[in-house]
Amino acid sequence: MTAPLLEARNLSLQRGGVDVLKKVSLTIQENDVQALIGSNGSGKTSLLLAFARLLPISRGELLVKGETIHGEQAELAYRRRISIVFQEPLLLDASVAANVAAGLSLRKTPRQEQQERVDEALEMFNIAGLSRRSAHTLSSGEARRVSLARAFAIRPELIFLDEPFTALDLPLRETLFSLLARLLSSNGITAVIATHDCREVLQLCNKVAVMKKGHLIGSGTPADVLADPPDDFSAAFARHAHLQVGRSATTEGHPCS
Ligand SMILES: Nc1ncnc2c1ncn2[C@@H]1O[C@H](COP(=O)(O)OP(=O)(O)OP(=O)(O)O)[C@@H](O)[C@H]1O
Ligand SMILES: [Mg+2]
(Lines give C-alpha, C1' and ligand atoms only; values in the text may rest on other atoms or scores of the structure.)
(Ligands and ions follow the chains in the order given, each with its own letter.)
Protein backbone atom coordinates (compact mmCIF):
# COMPACT_ATOMS: atom_id res chain seq x y z
CA MET A 1 0.00 0.00 0.00
CA THR A 2 1.29 3.52 -0.78
CA ALA A 3 2.27 5.68 2.18
CA PRO A 4 -0.26 8.35 3.21
CA LEU A 5 0.30 11.83 1.83
CA LEU A 6 0.56 13.18 5.36
CA GLU A 7 0.84 11.44 8.68
CA ALA A 8 1.06 12.78 12.22
CA ARG A 9 2.55 10.24 14.61
CA ASN A 10 2.19 10.99 18.29
CA LEU A 11 2.59 14.64 17.48
CA SER A 12 2.83 17.04 20.43
CA LEU A 13 3.14 20.79 20.29
CA GLN A 14 3.59 23.51 22.87
CA ARG A 15 2.37 27.09 22.70
CA GLY A 16 3.24 29.54 25.46
CA GLY A 17 4.87 26.67 27.39
CA VAL A 18 1.64 24.65 27.42
CA ASP A 19 0.97 21.38 25.56
CA VAL A 20 -1.79 22.27 23.12
CA LEU A 21 -1.43 19.10 21.02
CA LYS A 22 -0.93 15.85 22.87
CA LYS A 23 0.23 12.74 20.98
CA VAL A 24 -1.99 13.35 17.98
CA SER A 25 -1.91 10.60 15.35
CA LEU A 26 -3.74 11.04 12.07
CA THR A 27 -3.19 9.83 8.51
CA ILE A 28 -4.33 11.76 5.46
CA GLN A 29 -4.44 9.95 2.14
CA GLU A 30 -4.17 11.61 -1.25
CA ASN A 31 -7.49 13.20 -2.28
CA ASP A 32 -8.88 13.05 1.24
CA VAL A 33 -10.90 16.01 2.42
CA GLN A 34 -10.30 15.73 6.15
CA ALA A 35 -12.43 17.72 8.60
CA LEU A 36 -11.16 18.70 12.05
CA ILE A 37 -13.92 19.42 14.52
CA GLY A 38 -13.91 20.18 18.24
CA SER A 39 -14.82 22.92 20.65
CA ASN A 40 -13.07 26.31 20.77
CA GLY A 41 -9.51 25.89 21.98
CA SER A 42 -9.42 22.13 21.31
CA GLY A 43 -6.36 22.44 19.02
CA LYS A 44 -7.70 22.52 15.43
CA THR A 45 -5.76 25.62 14.36
CA SER A 46 -2.64 24.41 16.17
CA LEU A 47 -2.78 21.11 14.27
CA LEU A 48 -3.18 22.92 10.93
CA LEU A 49 -0.21 25.16 11.78
CA ALA A 50 1.86 22.10 12.70
CA PHE A 51 0.87 20.39 9.42
CA ALA A 52 1.88 23.54 7.50
CA ARG A 53 5.22 23.61 9.40
CA LEU A 54 4.45 27.05 10.77
CA LEU A 55 4.83 25.88 14.36
CA PRO A 56 7.62 23.54 15.44
CA ILE A 57 6.45 20.26 16.93
CA SER A 58 7.90 19.40 20.30
CA ARG A 59 7.59 15.61 20.09
CA GLY A 60 6.45 13.00 17.59
CA GLU A 61 6.75 13.01 13.83
CA LEU A 62 5.21 14.48 10.74
CA LEU A 63 5.67 12.24 7.71
CA VAL A 64 5.08 13.19 4.09
CA LYS A 65 4.61 10.15 1.88
CA GLY A 66 6.22 8.07 4.60
CA GLU A 67 9.28 10.27 5.12
CA THR A 68 10.18 12.89 7.69
CA ILE A 69 10.88 16.36 6.37
CA HIS A 70 14.58 16.69 6.95
CA GLY A 71 16.80 19.56 5.89
CA GLU A 72 16.27 22.84 4.08
CA GLN A 73 15.63 21.35 0.64
CA ALA A 74 12.95 18.95 1.87
CA GLU A 75 11.35 21.77 3.89
CA LEU A 76 11.27 24.02 0.85
CA ALA A 77 9.93 21.26 -1.40
CA TYR A 78 7.10 20.58 1.08
CA ARG A 79 6.22 24.26 1.42
CA ARG A 80 5.93 24.58 -2.35
CA ARG A 81 3.25 21.90 -2.40
CA ILE A 82 1.01 23.35 0.30
CA SER A 83 -1.24 26.34 0.90
CA ILE A 84 -2.92 27.56 4.03
CA VAL A 85 -5.94 29.80 4.50
CA PHE A 86 -5.79 31.25 8.00
CA GLN A 87 -8.75 31.69 10.34
CA GLU A 88 -8.19 35.47 10.11
CA PRO A 89 -7.16 36.49 6.58
CA LEU A 90 -3.54 37.67 6.83
CA LEU A 91 -3.00 39.98 3.89
CA LEU A 92 0.07 41.95 2.90
CA ASP A 93 -0.09 45.73 2.89
CA ALA A 94 -0.28 45.72 -0.91
CA SER A 95 -2.83 45.50 -3.70
CA VAL A 96 -5.24 42.60 -4.01
CA ALA A 97 -3.42 41.42 -7.15
CA ALA A 98 -0.05 41.51 -5.34
CA ASN A 99 -1.53 39.49 -2.50
CA VAL A 100 -2.89 36.85 -4.87
CA ALA A 101 0.50 36.74 -6.61
CA ALA A 102 2.44 36.41 -3.33
CA GLY A 103 2.77 32.60 -3.31
CA LEU A 104 3.65 32.57 -7.00
CA SER A 105 6.43 35.16 -6.57
CA LEU A 106 7.84 33.21 -3.65
CA ARG A 107 7.94 30.14 -5.87
CA LYS A 108 9.60 32.20 -8.62
CA THR A 109 6.89 31.36 -11.13
CA PRO A 110 7.69 33.07 -14.47
CA ARG A 111 6.07 36.51 -14.80
CA GLN A 112 3.72 35.68 -17.66
CA GLU A 113 2.44 32.57 -15.91
CA GLN A 114 2.04 34.53 -12.65
CA GLN A 115 -0.14 37.05 -14.45
CA GLU A 116 -2.30 34.31 -15.99
CA ARG A 117 -2.74 32.47 -12.70
CA VAL A 118 -3.53 35.67 -10.80
CA ASP A 119 -6.15 36.65 -13.39
CA GLU A 120 -7.64 33.17 -13.25
CA ALA A 121 -7.81 33.18 -9.43
CA LEU A 122 -9.27 36.71 -9.31
CA GLU A 123 -11.93 35.62 -11.82
CA MET A 124 -12.63 32.39 -9.98
CA PHE A 125 -13.30 34.16 -6.68
CA ASN A 126 -15.13 37.02 -8.39
CA ILE A 127 -12.73 39.72 -7.19
CA ALA A 128 -11.26 40.87 -10.51
CA GLY A 129 -12.87 44.28 -9.92
CA LEU A 130 -10.87 44.64 -6.70
CA SER A 131 -7.45 43.77 -8.14
CA ARG A 132 -5.93 47.26 -7.74
CA ARG A 133 -7.46 47.95 -4.33
CA SER A 134 -5.26 48.03 -1.27
CA ALA A 135 -5.93 44.81 0.65
CA HIS A 136 -6.31 46.80 3.87
CA THR A 137 -9.39 48.58 2.55
CA LEU A 138 -11.37 45.35 2.04
CA SER A 139 -14.37 44.09 3.97
CA SER A 140 -13.80 40.82 5.81
CA GLY A 141 -15.73 38.82 3.19
CA GLU A 142 -13.66 40.36 0.42
CA ALA A 143 -10.46 39.70 2.36
CA ARG A 144 -11.53 36.06 2.80
CA ARG A 145 -11.99 35.69 -0.93
CA VAL A 146 -8.54 37.21 -1.54
CA SER A 147 -6.93 34.76 0.89
CA LEU A 148 -8.68 31.82 -0.82
CA ALA A 149 -7.62 33.11 -4.26
CA ARG A 150 -4.02 33.42 -3.03
CA ALA A 151 -4.08 29.86 -1.70
CA PHE A 152 -5.53 28.32 -4.86
CA ALA A 153 -3.40 30.40 -7.27
CA ILE A 154 -0.37 28.23 -6.55
CA ARG A 155 -2.37 25.09 -7.45
CA PRO A 156 -1.45 23.33 -4.22
CA GLU A 157 -1.33 19.59 -3.84
CA LEU A 158 -2.41 19.94 -0.22
CA ILE A 159 -4.42 22.79 1.28
CA PHE A 160 -5.16 23.65 4.91
CA LEU A 161 -8.31 25.68 5.47
CA ASP A 162 -9.07 27.16 8.88
CA GLU A 163 -12.81 27.85 9.16
CA PRO A 164 -12.88 29.23 5.62
CA PHE A 165 -16.50 30.45 5.69
CA THR A 166 -16.92 31.74 9.24
CA ALA A 167 -18.46 35.22 9.52
CA LEU A 168 -19.50 35.42 5.88
CA ASP A 169 -22.99 36.42 4.86
CA LEU A 170 -25.17 33.54 3.70
CA PRO A 171 -25.14 34.19 -0.09
CA LEU A 172 -21.34 34.56 -0.12
CA ARG A 173 -20.98 31.48 2.05
CA GLU A 174 -23.17 29.50 -0.36
CA THR A 175 -21.18 30.73 -3.37
CA LEU A 176 -17.78 29.97 -1.82
CA PHE A 177 -18.99 26.63 -0.52
CA SER A 178 -20.01 25.47 -4.02
CA LEU A 179 -16.80 26.85 -5.50
CA LEU A 180 -14.64 25.08 -2.93
CA ALA A 181 -16.50 21.79 -3.45
CA ARG A 182 -15.89 22.10 -7.20
CA LEU A 183 -12.22 23.06 -6.85
CA LEU A 184 -11.43 20.23 -4.46
CA SER A 185 -13.16 17.52 -6.48
CA SER A 186 -12.10 18.62 -9.95
CA ASN A 187 -8.44 19.29 -9.16
CA GLY A 188 -7.82 16.31 -6.90
CA ILE A 189 -6.53 18.54 -4.10
CA THR A 190 -6.09 16.98 -0.68
CA ALA A 191 -7.50 19.22 2.04
CA VAL A 192 -7.66 19.50 5.81
CA ILE A 193 -10.45 21.79 7.00
CA ALA A 194 -11.02 23.02 10.56
CA THR A 195 -14.70 23.73 10.81
CA HIS A 196 -17.70 24.24 13.06
CA ASP A 197 -20.10 23.77 10.16
CA CYS A 198 -21.71 20.34 9.89
CA ARG A 199 -22.68 20.90 6.27
CA GLU A 200 -19.01 21.33 5.36
CA VAL A 201 -18.31 18.01 7.06
CA LEU A 202 -21.22 16.20 5.44
CA GLN A 203 -20.89 17.60 1.94
CA LEU A 204 -17.18 18.32 1.50
CA CYS A 205 -15.34 15.83 3.66
CA ASN A 206 -14.81 12.08 3.41
CA LYS A 207 -13.15 11.93 6.84
CA VAL A 208 -13.58 13.69 10.15
CA ALA A 209 -11.38 13.84 13.26
CA VAL A 210 -12.58 15.07 16.63
CA MET A 211 -10.24 17.17 18.80
CA LYS A 212 -10.65 17.71 22.52
CA LYS A 213 -8.21 19.59 24.77
CA GLY A 214 -5.31 18.86 22.43
CA HIS A 215 -6.12 15.17 22.03
CA LEU A 216 -7.51 13.53 18.94
CA ILE A 217 -10.33 11.49 20.41
CA GLY A 218 -11.98 9.98 17.33
CA SER A 219 -11.65 9.75 13.58
CA GLY A 220 -13.21 8.02 10.61
CA THR A 221 -15.85 8.66 7.99
CA PRO A 222 -18.42 11.32 8.88
CA ALA A 223 -21.11 8.58 8.96
CA ASP A 224 -19.12 6.44 11.42
CA VAL A 225 -17.97 9.25 13.71
CA LEU A 226 -21.36 10.96 13.83
CA ALA A 227 -23.13 7.62 14.41
CA ASP A 228 -20.96 7.01 17.47
CA PRO A 229 -19.66 10.42 18.60
CA PRO A 230 -16.78 10.23 21.09
CA ASP A 231 -17.79 13.20 23.31
CA ASP A 232 -20.61 15.63 24.12
CA PHE A 233 -19.37 18.17 21.59
CA SER A 234 -19.41 15.72 18.69
CA ALA A 235 -22.75 14.33 19.89
CA ALA A 236 -24.23 17.84 19.63
CA PHE A 237 -22.56 18.19 16.24
CA ALA A 238 -24.13 14.89 15.16
CA ARG A 239 -27.59 16.06 16.28
CA HIS A 240 -27.17 19.19 14.14
CA ALA A 241 -26.00 17.06 11.24
CA HIS A 242 -29.05 14.80 11.49
CA LEU A 243 -31.31 17.87 11.58
CA GLN A 244 -29.46 19.19 8.57
CA VAL A 245 -29.94 15.97 6.61
CA GLY A 246 -33.65 16.00 7.46
CA ARG A 247 -34.00 19.64 6.48
CA SER A 248 -32.10 19.36 3.21
CA ALA A 249 -34.49 16.63 2.10
CA THR A 250 -37.25 19.26 2.00
CA THR A 251 -35.31 22.48 1.30
CA GLU A 252 -32.15 23.53 -0.44
CA GLY A 253 -30.45 23.24 2.95
CA HIS A 254 -28.62 25.81 5.05
CA PRO A 255 -25.40 25.72 7.01
CA CYS A 256 -26.34 24.52 10.45
CA SER A 257 -23.80 26.24 12.64
N1 LIG B 1 0.13 31.86 21.09
C2 LIG B 1 -0.39 31.09 22.03
N3 LIG B 1 0.15 31.00 23.26
C4 LIG B 1 -0.37 30.20 24.19
N5 LIG B 1 -1.45 29.42 24.01
C6 LIG B 1 -2.02 29.47 22.82
C7 LIG B 1 -1.54 30.30 21.76
N8 LIG B 1 -2.34 30.12 20.70
C9 LIG B 1 -3.28 29.24 21.06
N10 LIG B 1 -3.10 28.84 22.34
C11 LIG B 1 -3.90 27.87 23.08
O12 LIG B 1 -3.85 26.64 22.38
C13 LIG B 1 -5.08 25.94 22.54
C14 LIG B 1 -5.55 25.48 21.18
O15 LIG B 1 -5.86 26.64 20.40
P16 LIG B 1 -6.31 26.53 18.89
O17 LIG B 1 -6.32 27.91 18.35
O18 LIG B 1 -5.50 25.51 18.22
O19 LIG B 1 -7.81 25.99 19.06
P20 LIG B 1 -8.98 25.83 18.01
O21 LIG B 1 -9.51 24.44 18.16
O22 LIG B 1 -8.52 26.24 16.67
O23 LIG B 1 -10.07 26.86 18.57
P24 LIG B 1 -11.17 27.77 17.79
O25 LIG B 1 -12.32 26.85 17.47
O26 LIG B 1 -11.53 28.78 18.83
O27 LIG B 1 -10.53 28.36 16.59
C28 LIG B 1 -6.03 26.88 23.26
O29 LIG B 1 -6.07 26.51 24.61
C30 LIG B 1 -5.38 28.24 23.10
O31 LIG B 1 -5.66 29.08 24.19
MG1 LIG C 1 -9.03 27.81 15.41
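Scope of this entry: the structure provided in the associated data block. (Residues numbered from 1 in each chain as written. Chains lettered and ligands numbered in written order. Predicted model: local features only at pLDDT ≥ 70, side-chain atom pairs only at ≥ 80, totals over all residues. Heavy atoms only, no water.)

### Some thoughts on the sheet that holds strand β4 (residues 59-64)
Reading across the sheet, the four strands line up as β2-β1-β4-β5 and stay open at both edges, with antiparallel pairing between neighbours. At either end of the open sheet lies a strand with only one pairing partner, and these are β2 (18-28) and β5 (67-68). Relative to β2, strand β1 (residues 6-15) runs antiparallel, the two being bridged by seven bridges. Bridge pairing in β2 places Leu 11 opposite Val 24. (Pairing = 2+ DSSP bridges. Helix = DSSP H or I, 4+ residues; strand = E, 2+ residues; numbered from the N terminus.)

### A word on the side chain of Thr 195
Considering the arrangement of structural elements, one finds Thr 195 in the loop between β8 (190-194) and α7 (198-204). Looking at Thr 195, its side chain comes within polar contact range of the main-chain nitrogen of Asp 197, at 2.8 Å. Among the polar contacts listed, one links the side chain of Thr 195 to the side chain of Glu 200, at a separation of 2.7 Å. Apart from the residues lying within four places of it in its own chain, the contact partners of Thr 195 are Ala 35, Leu 36, Ile 37, Glu 163, Glu 200 and Val 201. (Polar contact = N/O pair within 3.5 Å; in protein donor to acceptor, adjacent residues only side chain to side chain. Contact = heavy atoms within 4.5 Å.)

### Here we look at the pairing of β8
Taken across its five residues, β8 has five buried, putting it largely inside the fold. The alternating pattern of β8 places Thr 190, Val 192 and Ala 194 and Ala 191 and Ile 193 on opposite faces, both of which are buried. Pairing geometry for strand β3 (residues 33-37) and β8, over four bridges, is parallel. Along β8, the bridge assignment pairs Ala 35 with Ile 193. Two strands pair when backbone bridges link them, and strand β7 (residues 158-162) and β8 are joined in this way by five bridges, in the parallel orientation. Bridging across to β8, Leu 161 finds its partner in Ile 193. Since β7 and β8 lie parallel, the crossover through helix α6 (residues 170-187) that links them has a hand, and here it is right-handed. (Buried < 20%, exposed > 50% of the residue type's maximum accessible area, 1.4 Å probe, protein only. Right-handed = clockwise from strand over helix to strand, strands pointing away.)

### Observations concerning the coordination of the magnesium ion (ligand 2)
For the magnesium ion (ligand 2), the full set of protein donor atoms is Thr 45 (OG1) and Gln 87 (OE1), and the range of their distances to it is 2.0 to 2.3 Å. Of this pair, Thr 45 sits in helix α1 (residues 44-51) while Gln 87 is found in the loop between β6 (82-85) and α3 (96-106), placing the two residues 42 residues apart along the sequence. (Donors = N, O, S within 2.8 Å, 3.2 Å for Na, K, Ca; no water.)

### Considering the site of ligand 1
Neighbouring ligand 1 are 14 residues, the closest being Gly 41, Gly 43, Lys 44, Thr 45 and Ser 46. Interatomic distance of 3.0 Å between a side-chain N/O atom of Asn 40 and an oxygen atom of ligand 1. The protein chains hide 62% of the 640 Å² of surface that ligand 1 would expose on its own. Looking at the shell around ligand 1, the element that brings in the most residues is α1, giving three residues. In terms of residue class, the shell around ligand 1 is built from one nonpolar, ten polar and three charged. (Near = heavy atom within 4 Å. Areas by Shrake-Rupley, 256 points an atom, 1.4 Å probe, with all protein chains shown as cover. Nonpolar A, V, L, I, M, F, W, Y, C, P; charged D, E, K, R; others polar.)

### With respect to the pattern of salt bridges
The full count for this structure, using the stated rule, is 14 salt bridges. Across the pair Arg 59 and Asp 19 runs a salt bridge whose closest N-O atoms are separated by 3.9 Å. In this pair, Arg 59 is assigned in strand β4 and Asp 19 in strand β2, connecting sequence segments 40 residues apart. Among the charged side chains, a salt-bridge network with shared partners connects Glu 30, Lys 65, Arg 81 and Glu 157. (Salt bridge = Lys/Arg side-chain N within 4 Å of Asp/Glu carboxyl O.)

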